[in-house]
Structure formats: C-alpha cells, structure tokens
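Observations on the model geometry
Here's the letter readout for the chains.
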Amino acid sequence: MATADEIIAARGELTREQLIPLLQEIQEAEGFVSQAAMSRLAEALRTPVSRVYGVATFYNQFRFAPLGEHVIQVCRGTACHVKESLALAQHLKRRLKLRDDGSSADGRFTIISVACLGACSIAPVIKLDGEFYGHLTVERLDALLDEVEAGAEAAA
Amino acid sequence: MSITINGKEIDVAANETVLQTARRAGIDIPHLCSLDWAPSPSASCRLCVVEVEGLPRLQTSCSLEARDGMSVQTHTPRILKARRAILELLIASHPQDCLTCVRAGGCELAVLAGDLGVRERRYVGAVKEHPIDISSPSLWRDPNKCVLCGRCVTMCHSVQGIGAIDFVGRGFQTRVAPGFSVGLNVSDCVYCGQCARVCPTGAIVERSHVEGVVAALADPDTVVVAQVAPAVPATLLERRTKTQDVHTMLERLAGALKHVGFDAVFDTSFAADVTVMEEATELLERIQDNGVLPMFTSCSPAWVHFVETHRPDLIPHLSTCKSPQQMAGALIKEIYPAYAGLGDKRLVVVSIMPCTAKKFEAQEQTGVDYVLTTRELDALWGRFGVDLAHFAEPAPLDAPFAQASGAGRLFAGSGGVMEAAVRTAHKLVTGHELEGGPRVNEARGSEGARHFTIAAAGVDLNLAVVNGLGRLQETLDDLLAGDPPVHFVEVMSCPGGCVGGGGQPYDTDGDAVHERLERLYDADKRSSLRTSHDNADVRALYEDVLGRPLGEVAHRLLHREYVDRRPAVDSVSV
Ligand code: SF4
Ligand code: SF4
Ligand code: FES
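Residues numbered from 1 in each chain as written. Chains lettered and ligands numbered in written order. Predicted model: local features only at pLDDT ≥ 70, side-chain atom pairs only at ≥ 80, totals over all residues. Heavy atoms only, no water.

**Looking at the overall build of chain A**
What counts, and what does not: Secondary structure is summarised from DSSP: a helix means a run of H or I of at least four residues, a strand means a run of E of at least two, and numbering begins at the N terminus for each. Buried means the residue's accessible area, taken with a 1.4 Å probe over protein chains only, is under 20% of the maximum for its type, while exposed means over 50%, and partly exposed covers the values in between. Contact criterion: two residues are considered in contact whenever any of their non-hydrogen atoms come within 4.5 Å of each other. Accessibility throughout is a Shrake-Rupley quantity obtained with a 1.4 Å probe, and a residue counts as covered only by protein chains that appear here. Charge assignment: positive for Lys and Arg, negative for Asp and Glu; neither His nor the chain ends contribute. Lys charges are placed at NZ, Arg charges at CZ, Asp charges at CG and Glu charges at CD.
When helices and strands are tallied, chain A shows 7 helices and 4 strands. Listed N to C, the secondary structure of chain A is α-α-α-α-β-α-α-β-β-β-α in terms of helices and strands. Sorting the 156 residues of chain A into buried and exposed places 42% on the buried side. Nonlocal contacts in chain A, meaning residues at least 24 apart in sequence, comprise 61% of its contacts between residues at least 6 apart. When the accessible surface of chain A is summed, it comes to about 8400 Å², and 52% of that surface belongs to carbon and sulfur atoms. Here chain A carries 16 positive and 21 negative side-chain charges, and the mean point of each set is 6 Å from the other.

Here's what the structure looks like:
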C-alpha cells in the first residue's frame with residue numbers, strides 16, 4: 001500500500017490547497033494520519049506543522065492513531081439514542097478501558113461514534129468489523145465481545 | 001480623501017481601515033482579533049462592529065477599508081448592545097481566577113468588560129479543561145484563559161514566520177497549541193515572546209522569575225547584582241517620568257533597584273561594547289583567513305535558537321560571541337567577587353531584559369541566574385512599593401563596568417549592533433574613525449532588510465541588517481548567495497529589535513517601538529563616548545583580564561559553541 005511519502009511524491013508540484021485531499025488519501029492508505037506523515041506534509045507544502053495539525057484536527061474525519069484489529073462503530077443517531085445506545089457506548093468505554101484516542105487499553109479494539117448507521121429499524125445498533133448487530137443490550141454486547149476475544153485466542 | 005465618523009469629517013490615509021482611521025481621531029473601537037498594525041486576517045471576534053450609512057448590517061471595522069465619503073457610526077445603542085452580547089459570551093467559559101491571574105490589573109479582557117458595561121455574568125458556560133503548558137523555559141500557556149482572538153497566531157505566522165502555534169480542534173474544544181499539541185519546548189517555537197506581547201489575557205505569559213529574585217534579595221548570605229539591557233530604560237521613559245533621557249532613566253532605575261535590595265547595578269551596554277570588540281575582530285579574522293561568510297550576529301537568542309532548531313546548517317555562520325547578556329554575566333561572575341571582596345557569599349546575577357528568549361539562554365549558559373522582563377519589573381515595584389514615575393533617587397552604575405558607549409546603547413534597536421560594529425571595524429582596519437562622523441545612516445530604518453557597503457582601506461565591507469525573523473526567511477537565500485558576497489549580517493528576531501522584544505510592555509500598536517528607537521539614537525548622539533573601542537573601562541578590562549580580543553581568556557569567557565537541536569526525526573513518529 002502507498003505510504004505517505006509515496007502519496008506526497010506522486011502529486012508532483014504541491015500547493016497548500018492540496019492539504020485536505022492529501023490528508024484524506026494518507027488516511028485511506030494508512031488507516032490514520034500519523035505525526036510523521038503530517039511532518040512530511042508540512043515540509044512538502046512548506047507550511048508549519050502547526051498549520052497542518054490545526055487543519056487536520058478541525059475536521060472530524062481524521063484519525064491520529066492507528067485502528068485496532070477490531071473496529072466497532074457505535075450508532076449515536078436519534079433512534080438508537082432513544083433505545084439507550086449511550087449505555088452501550090459507556091459500557092464499551094469501561095470494559096475496554098478506552099484511551100483518549102478511542103482505542104482500548106490493549107490497542108486491539110477501536111471505537112468510533114457515528115452520527116447514524118442507517119439501520120434505525122434494529123436500533124440500538126453497532127457495526128463490528130463491518131457486520132451489523134442490532135437490538136443490542138449490554139448483556140448481548142458482552143457476549144459478542146467475549147466471542148471475539150475467544151476467537152482471537154483460539155486462532156492464536 | 002476623508003470619511004465621516006460620528007458626524008465629524010476625518011482625513012484618511014491610503015489603505016487604512018476604519019478602525020485605524022478612528023484610532024487616529026481619538027476614537028477607540030474595541031477590538032480583540034486584530035492588531036493595530038496588521039489588517040485582521042480573520043475578522044472573527046466582531047467586537048469592532050460599526051454602522052455604515054447605506055449598509056443594513058453591522059460591519060467589522062478592522063477589515064473595512066476607509067473609502068472616501070463613507071459615513072460611519074461607532075458607538076450607537078445598537079452597536080453597544082451587540083458588543084456587549086459578544087463579550088458576555090466570551091467570558092461565559094472564562095476561568096474565575098481573575099484576582100490571582102498574572103494579568104490582574106492589566107487584562108485587556110477585563111478592561112473591555114468594564115468599558116462595555118458587563119458587570120455580571122449572565123451566562124455560565126462549561127468549564128474548559130485544557131492542560132496548562134509549562135514546558136518552555138521562556139513562556140507559559142494556559143489555554144483555558146484564551147479567548148481565541150488569534151493575535152498570537154498572527155504574530156507567530158505572519159510577523160515572525162515561525163508558525164509554532166495555531167488553532168487546533170473545533171467547537172468548544174478549539175484551542176491554540178503547537179503542532180501535535182506538544183509542549184512549546186519541543187515545538188517549532190523559538191521563544192521570541194511576540195505572542196505573549198500581544199495576548200489580551202493571561203493565556204500566554206513569560207515564565208516568571210520574580211519569586212526567585214525576591215527570595216535572593218531576602219537572603220542575607222547572598223549578594224544580588226543586576227544588569228540592565230539598554231532597551232529597558234528606553235522603554236521605561238514611557239512611564240510619565242519627567243526625563244526623556246535614557247541615561248538619566250538608567251540611573252534612576254539603578255536607584256530603584258538598589259532601594260529594593262540589589263547590591264550593584266551594571267549596564268549591559270558595557271558588555272555590548274565588549275561584544276563589539278570581539279565580534280568586529282572575529283569578522284576581520286574571518287575575512288582575512290577565508291573563514292565562513294557571511295557571519296551572522298549572535299546577540300538575539302531567539303535567532304540563535306532558530307538556527308539551532310530550524311537551520312543547524314547555518315551554525316558555522318553564527319558569530320561565536322556570546323550575547324551581551326551572557327558576556328556581562330560571565331564577566332561579573334569572574335571579576336566581581338574578588339573586586340568587591342564578597343568572600344564566601346553567594347553571588348546572584350539578575351538581568352533585566354526586554355526579551356523572553358533570554359530566559360532560555362540563561363538556562364543554557366552559566367552567566368545569569370534570573371531574567372526579569374521589562375513587564376516583570378512591575379511585579380517587583382509592586383512588591384516593594386516603588387512608584388517609578390516619582391522615584392527620583394538616582395544611583396550611578398557600578399564599577400568596574402560603569403561606562404558604556406553610545407554605540408553599546410544602540411544594540412537595543414534594529415541596526416544598532418551593525419552600526420556599533422562598523423564604527424569599530426573601520427577603526428581596526430584603517431586605524432582611524434569613520435569619515436563624516438560615527439553615525440551610520442544606512443544601518444538605521446525599519447525596512448525588513450537593509451543592504452549597504454562600507455569602504456575601509458580598499459576593502460568593501462558588504463553588510464546587511466535584517467529586522468525580524470519573518471523578514472529573515474524572505475531574504476536568507478539572497479544573503480547566503482550574495483554577489484558580491486555578503487560579509488556580515490545583523491539579525492534581530494523581533495521587529496524593531498530588542499525595543500520591540502517579546503518581554504516588553506503589552507502593546508497592540510507598533511508606535512511605541514519607533515519612539516524607543518528615537519530615544520536610543522538621541523542617547524547615542526548626546527553621549528561623549530560614541531565608540532566601543534574608546535571605552536576606558538573596556539580598555540582596562542582587556543589590559544587587566546582579557547588580554548586581546550579572541551585571545552585565550554576572552555575565548556573562555558566570551559565565546560560559545562552551538563548545538564544542532566533538531567528533533568531526531570523518529571521522535572515525531574507515532
Ligand atoms: S514565542 Fe515566538 S515562536 Fe514561540 S509561539 Fe510565540 S511567537 Fe511563536
Ligand atoms: S492565547 Fe491570547 S493572543 Fe492567542 S488566541 Fe488566545 S487570547 Fe488570543
Ligand atoms: S477586531 Fe474586528 S472582528 Fe475582531
């Protein structure tokens with residue numbers, strides 16, 4: 001997969017307008033935007049690192065830490081909220097000892113809050129590694145996580 | 001061209017904003033996000049709104065060009081109401097520790113609240129919980145006190161060309177921070193303090209050394225001496241003191257410092273004279289021996305830090321001279337204990353500087369223990385009840401470094417190191433003084449970069465003065481590739497030189513800086529001693545202690561080495 005350096009090099013002549021598209025492309029390729037990538041970008045665009053970082057943090061779409069093995073998207077839309085998706089989010093936070101960057105203490109899980117997953121009929125809903133899981137309760141969520149963790153151990 | 005403000009006709013200058021025109025006419029329109037010398041890049045705070053005839057909506061006067069025939073109202077009930085609403089929202093989430101804030105008594109935000117009649121908090125917003133950054137030896141940042149006006153960002157990016165800090169995040173979490181939200185000490189910051197000089201609140205302030213100084217003064221086993229940079233008296237003359245003379249002010253300042261317990265007070269300009277001797281000799285040696293040219297001055301610690309952290313490839317170009325602050329410190333510590341018979345008492349050297357980067361320098365080198373900025377002096381006066389405007393008990397500067405030349409004083413302004421060095425270099429090369437008097441007009445002025453040539457004994461010295469780090473980066477390539485090659489470049493980090501330094505009084509208009517420069521020129525003109533090489537105390541110092549410029553002792557006490565401080569590339573990867 002293309003690295004930040006290759007992505008920057010591929011663009012040839014650079015202007016500051018390309019900052020956001022480049023950030024997007026780097027995130028696409030690497031899963032997140034690393035400090036190293038932002039430093040390279042700053043150099044290539046001849047703009048201070050603080051400006052690159054400032055722009056990147058202004059947009060919610062950018063992540064600054066790598067994704068864990070398992071990605072859980074928690075829907076925080078209205079329908080799910082009414083069905084207490086907040087309790088699910090809080091439970092995940094406690095159980096996985098979530099760090100500030102949204103990943104679990106062991107780095108294996110990454111939790112992303114999403115405005116709406118578009119599956120309101122099965123609210124409250126999460127998406128785990130691309131699969132929808134609906135009508136969730138804290139107990140069912142626990143069972144699901146147990147399964148994922150057990151699966152990882154079995155594979156190991 | 002003229003516009004009408006509140007019914008009165010007022011002439012406008014070219015490219016002026018309505019805010020600026022009004023200010024010249026004595027009408028103060030409140031403004032937070034703009035600086036008086038720069039058009040507002042963001043026009044985001046909206047405190048400066050005015051009514052313009054023919055336009056239904058309120059206009060931001062900081063971004064509104066004054067156009068002939070325009071009619072403007074600045075303080076109607078509608079405007080006052082709008083401004084007040086803005087301010088009320090601004091302070092809704094502001095911390096409540098105003099009584100103990102460093103800016104207590106001088107906070108622009110608090111003054112604005114008073115001016116706009118905000119006398120209670122009607123909205124209480126969520127409390128911000130950003131970490132405070134005390135990582136820098138020069139500056140402390142408390143983002144919770146920040147009103148996001150962006151002045152510091154303007155100074156750091158547009159004026160200084162560094163860009164160490166910027167807006168980070170969005171919404172309620174928005175804050176000003178270095179890239180990656182790291183501490184200032186590991187950011188691109190060069191500690192110039194221009195951000196602090198313009199901050200309206202206590203969100204960026206110098207790292208205070210006041211308590212350390214007060215404790216040293218209270219210790220009977222410690223002898224505390226001060227050295228005062230020439231920019232400081234040139235600035236304190238703004239305090240309704242009845243004199244306008246820099247030297248008189250310096251002696252009054254010495255009197256006040258002794259009153260609060262300092263045992264001796266020295267003039268950093270003395271060390272500037274020593275710097276001239278060393279630096280002029282170094283320059284001529286480099287020219288003679290095909291050394292690395294151009295040679296850049298090394299007096300300005302933010303510039304030195306810039307080289308060490310951003311452009312270590314330029315290290316061979318830096319003069320090896322310590323800054324005058326450190327030369328003075330080294331000389332005081334070497335000579336004064338025996339001279340004054342201090343026995344086993346501890347000696348503490350405090351320097352009074354217009355500069356925040358000097359605090360970093362003091363931490364890295366051994367000559368100086370504490371650095372007080374011009375601003376911090378007020379805390380000292382407050383503690384000991386000194387009213388400087390009326391304090392009229394002068395004291396002479398102390399031996400053995402009592403005398404300073406007019407040239408040494410000029411160090412405080414852009415072009416001053418160059419002018420002083422040219423006076424002495426000419427003498428060293430030709431054996432006689434500059435024809436036409438000591439004044440070097442070409443070095444003076446406020447343009448970003450000034451190039452000129454001085455002929456001395458058949459050699460053309462190609463010289464350049466760079467006024468401010470922002471301008472430096474535009475001209476650096478030309479200076480390095482100069483044809484004919486440039487010999488010597490003066491770089492001062494702050495616009496106007498030390499008189500516009502980051503430790504100087506809070507200020508959003510550049511006017512005072514020009515007045516301070518004029519006072520320095522005046523002090524030089526009136527001095528009976530105009531050249532560093534004729535300073536009798538400097539001569540005595542070379543005879544008794546230093547030997548010759550660049551000699552062994554001079555080398556040990558007055559010169560230094562530089563280090564490549566670029567962060568290792570890997571340290572920034574995740
Ligand atoms: S001290 Fe100078 S370089 Fe550092 S953040 Fe402030 S303005 Fe920028
Ligand atoms: S730190 Fe000060 S100058 Fe900078 S944005 Fe905040 S309030 Fe304005
Ligand atoms: S000063 Fe004009 S909008 Fe802030």
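**Digging into the overall build of chain B**
Formally: For a compact globule the rule gives 2.2 Å times the number of residues to the power 0.38, and the radius of gyration it is set against comes from C-alpha atoms.
In terms of helices and strands, chain B carries 19 helices and 17 strands. Radius of gyration (C-alpha) of chain B: 25 Å, near the 25 Å computed for a compact globule of 574 residues. Taken over the C-alpha atoms alone, chain B extends approximately 75 × 60 × 60 Å along its principal axes. Counting across all 574 residues of chain B, residues that qualify as buried make up 60%.

**Focus: the side chain of B:Thr281**
Take B:Thr281: it is sitting in helix 9 (residues 268–288). With residues near it in sequence (within four places) discarded, B:Thr281 still touches B:Val276, B:Leu428, B:Pro549 and B:Leu550.

**Brief notes about the packing of helix 10 (residues 301–309) of chain B against helix 12 (residues 357–364) of chain B**
Residues and elements named next belong to chain B. So the rule is basically this: Note on definitions: angles span 0 to 180 degrees between N-to-C directions of axes, and those axes are lines fitted to C-alpha atoms, for helices only across the stretch in contact. The labels follow the angle: roughly parallel below 35 degrees, roughly antiparallel above 145, roughly perpendicular from 65 to 115, and oblique for the rest. The classification used treats Ala, Val, Leu, Ile, Met, Phe, Trp, Tyr, Cys and Pro as nonpolar, Asp, Glu, Lys and Arg as charged, and all other residues, Gly among them, as polar.
Helix 12 packs onto helix 10 with a crossing angle of 65° between their chain directions and a minimal axis gap of 8 Å. Overall, the two elements helix 10 and helix 12 adopt an arrangement that is roughly perpendicular. For the pair formed by helix 10 and helix 12, the contact residues are Pro301, Ala302 and His305 on the first element and Ala357, Lys358, Phe360 and Glu361 on the second. Looking at side-chain class alone, the contact of helix 10 with helix 12 contains 4 nonpolar, 1 polar and 2 charged residues.

**Points about the site of ligand 1**
Heads up, the condition is: By convention in these notes, a residue is near a molecule or strand provided one of its non-hydrogen atoms lies within 4 Å of it.
Every residue near ligand 1 is listed here: B:Leu139, B:Cys156, B:Ile162, B:Ile165, B:Cys189, B:Val190, B:Tyr191, B:Cys192, B:Gly193 and B:Cys195. For the shell around ligand 1, the residue count by class is 9 nonpolar, 1 polar and no charged.

**Topic: the site of ligand 2**
Around ligand 2, a shell composed of 13 residues is seen, among which B:Cys146, B:Cys149, B:Gly150, B:Cys152 and B:Cys199 lie nearest. The class makeup of the residues in the shell around ligand 2 is 10 nonpolar, 2 polar and 1 charged.

**Here we look at the sheet that holds strand 15 (residues 449–456) of chain B**
Residue and element names in this part refer to chain B. Counted only if it meets this: Any two strands with at least two DSSP bridges between them are considered paired.
Reading across from one edge, 12-17-16-15 is the order of the 4 strands in this open sheet, with mixed pairing throughout. In this open sheet, the two strands that pair with only one neighbour each are strand 12 (295–296) and strand 15. Pairing of strand 16 (residues 459–467) with strand 17 (residues 488–492) involves 5 bridges; the strand directions are parallel. In the sheet register, Val466 faces strand 17, and the bridge partner there is Val491. Strands in contact with helix 15 (residues 416–430) are strand 15, strand 16 and strand 17; relative to strand 17, the strand with the most contacts, it is inclined by about 155°.

**Considerations on the sheet that holds strand 11 (residues 264–267) of chain B**
Residue and element names in this part refer to chain B. Strands sit in the order 11-10-13-14 across an open sheet of 4 strands; the sheet is parallel. Sheet topology places strand 11 and strand 14 (370–373) at the edges, where each strand pairs with a single neighbour. Taken pair by pair, the neighbouring strands of this sheet meet at an average axis angle of 25°, ignoring direction. Here 4 bridges tie strand 10 (residues 222–228) to strand 11, and the two strands are oriented parallel to one another.

**Some points on a nonpolar patch on the surface**
In plain terms, the rule: Each patch is built from salt-bridge-free residues with over 30% relative accessible area, joining like charges within 9 Å and nonpolar side chains (Val, Leu, Ile, Met, Phe, Trp, Tyr) within 5 Å. Salt bridge, as used here: a side-chain nitrogen of Lys or Arg that lies within 4 Å of a carboxyl oxygen of Asp or Glu.
There is a patch of nonpolar side chains on the surface, built from B:Ile132, B:Ile134 and B:Trp140 and spanning about 280 Å² of accessible area. B:Ile134 gets classed as partly exposed once you look at its relative accessible area, which sits at 46%.

**As for the domain arrangement of chain A**
For clarity, the threshold we go by: Segmentation of the chain into domains, including their bounds, is taken from an automatic or database domain assignment.
Here the domain parsing of chain A yields domain 1 (4–58) and domain 2 (70–155). A C-alpha centroid distance of 31 Å is found between domain 1 of chain A and domain 2 of chain A.

**Topic: the environment of B:Gln473**
All names here are of chain B. What counts here: For this analysis, a polar contact is any N or O atom pair within 3.5 Å, provided that within protein one partner can donate a hydrogen and the other can accept it, and provided that sequence-adjacent residues contribute only side-chain to side-chain pairs.
Inspection of the secondary structure assignment puts Gln473 in helix 16 (residues 469–480). Accessibility expressed as a relative area gives 34% for Gln473, which makes it partly exposed. Considering only alpha carbons, one finds Gln473 and Glu361, 112 residues apart in sequence, at a separation of 22 Å. A distance of 3.4 Å separates the side chain of Gln473 from the backbone oxygen of Gln160, its partner in a polar contact.

**Quick look at the pairing of strand 14 of chain B**
Residue and element names in this part refer to chain B. Note the following rule: Handedness rule for crossovers: strands pointing away from the viewer, path from the first strand over the helix to the second running clockwise, crossover right-handed.
As paired elements, strand 13 (residues 346–353) and strand 14 share 4 bridges and run parallel to each other. What sits directly across from Ser351, in strand 14, is Val371. Where the polypeptide runs from strand 13 across helix 12 and back to strand 14, its parallel neighbour, the crossover connection is right-handed.

**Some remarks on unusual backbone geometry**
Residues A:Ala123 and A:Pro124 are joined by a peptide bond in cis, for which omega reads -5°. With respect to the element layout, A:Pro124 can be found in the loop between strand 2 (109–114) and strand 3 (126–128). With an omega dihedral of 0°, the bond running from B:Asp483 to B:Pro484 counts as a cis peptide bond. Here B:Pro484 shows up in the loop between helix 16 and strand 17. Positive phi values are uncommon outside glycine, yet B:Ala43 reaches one of about 45°. Counting through the fold element by element, B:Ala43 comes out in the loop between helix 1 (18–24) and strand 3 (49–52). The class of B:Ala43 is partly exposed, set by a relative accessible area of 21%. The backbone of B:Ala457 shows a phi angle near 50°, a positive value even though the residue is not glycine. Of the residues examined, B:Ala457 reaches a relative accessible area of 54% and is grouped as exposed.

**Observations regarding the pattern of salt bridges**
Evaluated as defined, the whole model comprises 41 salt bridges over all chains. In this structure, the salt-bridge partner of A:Glu69 is A:Arg108, at a minimum N-O distance of 3.7 Å. One end of the pair, A:Glu69, is in the loop between helix 4 (49–58) and strand 1 (70–75); the other, A:Arg108, is in the loop between helix 6 (85–95) and strand 2, and 39 residues separate them in sequence. A salt bridge links B:Arg23 to B:Asp511; its shortest N-O distance comes to 4.0 Å. Residue B:Arg23 is found in helix 1, and its partner B:Asp511 is found in helix 17 (residues 511–526); the two are separated by 488 residues along the sequence. On the basis of relative accessible area, B:Arg23 is assigned to the partly exposed category, the value being 31%. For B:Asp511, a relative accessible area of 40% puts it in the partly exposed group. The structure contains a network of salt bridges with shared partners spanning B:Glu419, B:Arg423, B:Arg444, B:Asp524 and B:Arg530.

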